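The primary structure of each chain is shown beneath.
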Amino acid sequence: MLNSVIDEATPAYPSGLNKDEQFEFFCAEKLLTNYDVSYDEISDGIIDGTGDGGIDAAYLFIDRRLVTDDFDFNTVGDDPFIELVLIQSKNTPSFAEAPVDKLHSVLNAFLFNTPTPTTLAAFKPEIAEVFSKFQDARAKISGKFPTVAVHAFYCARAMSPATSVVGKADALKTALRALYPASTVELVGVPRLYELAKEQKTLVIALPTVGQPLTVTRAMVGLVKLSDFAKFISDDHGLIMNRIFESNVRDYQGDVDVNKEIAGSLTPGTTTEFWWMNNGVTIVADKAQYVHPNIMIKNPLIVNGLQTSFEIHGKSTALAGDTRNVMIKIIEETDQAEREKIIKATNRQTAIKASSFRASDGIHVKIEDYLKGKGYFYDRRKNAYKRQGKPADRIISIDRMTQGVLSVLGQAPETARARPGNALRNDTEYAAIFAEDADHPIGMYGVTTILLTQIEAYFRSIRKTTDRALVNNMKFHALMVLAWTLNGNSTLPGKRIAQLDPTNVTDVMLKKVTDWVFAEFTAAGKTDQTARDKAFTDRLRTNWTPAATA
């Protein structure tokens, strides 16, 4: 049965994956369901290959937010939760001891001890990068007293593990918990993978209410005990479920005044009703029905009240016996346009930044409509098309579009590589990328999407045989040079980009462009810092000629 589930899922995955890689992708997607990661984010975390220490994929989260190169640590609140998720995926019919031994070995080298030059030489550079990123994140927010956990998963197409494998996994868990008590080690076989696959498709949660809620057509308003609401937004491990928070209003604001006020009103022993002093939480759902004493909610999405939700979750232990309530509004709505109206209306009264509403800007609606006509899906709402089962190769997020336009129009691949979020946060930089004017014709976004897709497909095809430093760092530089090559020169205003014909891109052209960019990068030092430096982009512009990549 699991085979049919995987076969059903894989057409939506990036193209060119073999059976083992499809299983890796499937396992990562299912294990990270409650973190609500995108297909791109899953792909970025896959690092399997020779010298990987048995780690096929790795992801770092702070309060369930994926830590990327441009992660803003200033938004992290007090008492954060750091999670390093390590995944082993073996497309085999049984569990074996060796993968657990390999994982224990790499953790012993990088986590339980300080890595030595000999250690570093024995593993891929990407492995060292995973643990360096983890330690760097810990250091940056150490003053906020984070809880730290390492979650290790070993997946196989097996029904159950042998006693010897369980023993090794338990030994690894004991060693991890001696360092970080909240850590887990899980052997994930067919039953658990099948269960995870079922959970992802449709989420139905029961929300107990205090008395019968007020009900009108397609909407309900009711009171919910604080402790019950904390459980509603938590998974089986007590961790917050990112997937039920609307992505564009998800970023927790950290230790700001409004959160201090909410936290103060949640202090145990406070006699004033919480819902008297708080606007409550708004939930949009596919369907909601009251069946005493619960509201049964299908695919809930919290669109307003994120700060309230996070503060309640953060104090869930202290609220266990609390009799106070939070007000909940539930609206049945499946139409995306109507949902956006609700999101804007309910959040205009709060202190959410204007940048949080970029997805509703007219230009993004037009890009979405235009790209549909080209067979692509513009993910204005994170993972909206992923949930519809659209192919990963045909989905492009606002972040990826930003990176593509920065590279092709802005000719700033170093910014696209390292700081794409800045362009969305800064109004001036944003206006240079997304505008409804003659300098930003809608066709420019279509051409950029196709060129980016072509580069990404080529990079996937060479990933196994190419130095990861090249593949990780040079995608957007190669995209820029590909556009130059297609144009015949490096002068590319928006109008000219819209006129480019991506069907003229061939495998030979992609190889020549990539080989030239890789050679320049290698000559310049082949470091992460080089890729993030404008000087390297200037070098490409100076050294490139049409003959170089023709």
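Residues numbered from 1 in each chain as written. Predicted model: local features only at pLDDT ≥ 70, side-chain atom pairs only at ≥ 80, totals over all residues. Heavy atoms only, no water.

Draft legend 1. Inspection of helix H1 (residues 2-9) at higher detail. Residues of H1 that are buried: Leu 2, Val 5, Ile 6 and Ala 9. Buried residues in H1, looked at end-on, bunch into an arc of 95 degrees, giving them a common side. (Buried < 20%, exposed > 50% of the residue type's maximum accessible area, 1.4 Å probe, protein only. Helix = DSSP H or I, 4+ residues; strand = E, 2+ residues; numbered from the N terminus. Arc of directions from axis to C-beta.)

Draft legend 2. Representation of the packing of helix H19 (residues 442-462) against helix H21 (residues 475-487) in the model. Packing of H19 against H21 leaves a shortest axis separation of 10 Å and a crossing angle of 125 degrees. Looking at the two axes, H19 sits oblique to H21. Read as a crossing pair, H19 and H21 show a hand that is right-handed. Contacts from Leu 451, Leu 452, Ile 455, Glu 456 and Phe 459 in H19 reach Lys 475, Phe 476, Ala 478, Leu 479, Leu 482, Ala 483 and Leu 486 in H21. Among the residues making up the contact of H19 with H21, the classes are represented as ten nonpolar, no polar and two charged. (Axes fitted to C-alpha atoms, helices over the stretch in contact; angles between N-to-C directions. Parallel < 35°, antiparallel > 145°, perpendicular 65-115°, else oblique. Left-handed = near helix turned anticlockwise from the far one by under 90°. Contact = heavy atoms within 4.5 Å. Nonpolar A, V, L, I, M, F, W, Y, C, P; charged D, E, K, R; others polar.)

Draft legend 3. Region of the structure containing the packing of H21 against helix H25 (residues 534-543). Their axes nearest at 11 Å, the elements H21 and H25 cross at an angle of 25 degrees. Classified by the angle between their axes, H21 and H25 sit roughly parallel to one another. In the packing of H21 onto H25, the handedness of the crossing is right-handed. Taken together, the residues of H25 that come into contact with H21 (itself represented by His 477, Met 480, Val 481 and Trp 484) are Phe 536, Thr 537, Leu 540 and Arg 541. Partitioning the contact of H21 with H25 into residue classes produces five nonpolar, two polar and one charged.

Draft legend 4. Fine view of the layout of surface pockets. Here the second largest pocket defines a volume of roughly 1,100 Å³. What lines the second largest pocket is a set of 45 residues, and nearest its centre among them are Asn 383, Ala 384, Lys 386, Arg 387 and Gln 388. Of all the elements in the fold, those that place two or more residues in the lining of the second largest pocket are H1, helix H2 (19-31), helix H8 (190-201), strand S12 (301-304), helix H12 (336-347), helix H13 (362-373), strand S14 (377-379) and helix H14 (384-387). Its residues assigned to classes, the lining of the second largest pocket comprises 17 nonpolar, nine polar and 19 charged. (1 Å grid on protein atoms, 1.4 Å probe; cavity = no way out; pocket = protein on both sides within 12 Å on 5 of 7 lines; lining within 4 Å. Points joined across faces, edges and corners; volume = space filled by probe spheres on them.)

Draft legend 5. Up close: the environment of Lys 511. Looking at where Lys 511 falls in the secondary structure, it is placed in helix H23 (residues 507-523). Judged by relative accessible area, which is 44%, Lys 511 ranks as partly exposed. Between the alpha carbons of Lys 511 and Val 190 there is a distance of 40 Å; along the sequence they are 321 residues apart.

Draft legend 6. A look at the sheet that holds strand S3 (residues 81-90). Taken together, the five strands give an open sheet; going across it, the order is S2-S1-S3-S4-S5, and neighbouring strands pair in mixed fashion. Here the strands that pair on one side only, and so sit at the sheet edges, are strand S2 (65-66) and strand S5 (184-188). By the bridge criterion, two bridges tie strand S1 (residues 57-62) to S2 in an arrangement that is antiparallel. Looking across to S2, one finds that Phe 61 is bridged to Leu 66. (Pairing = 2+ DSSP bridges.)

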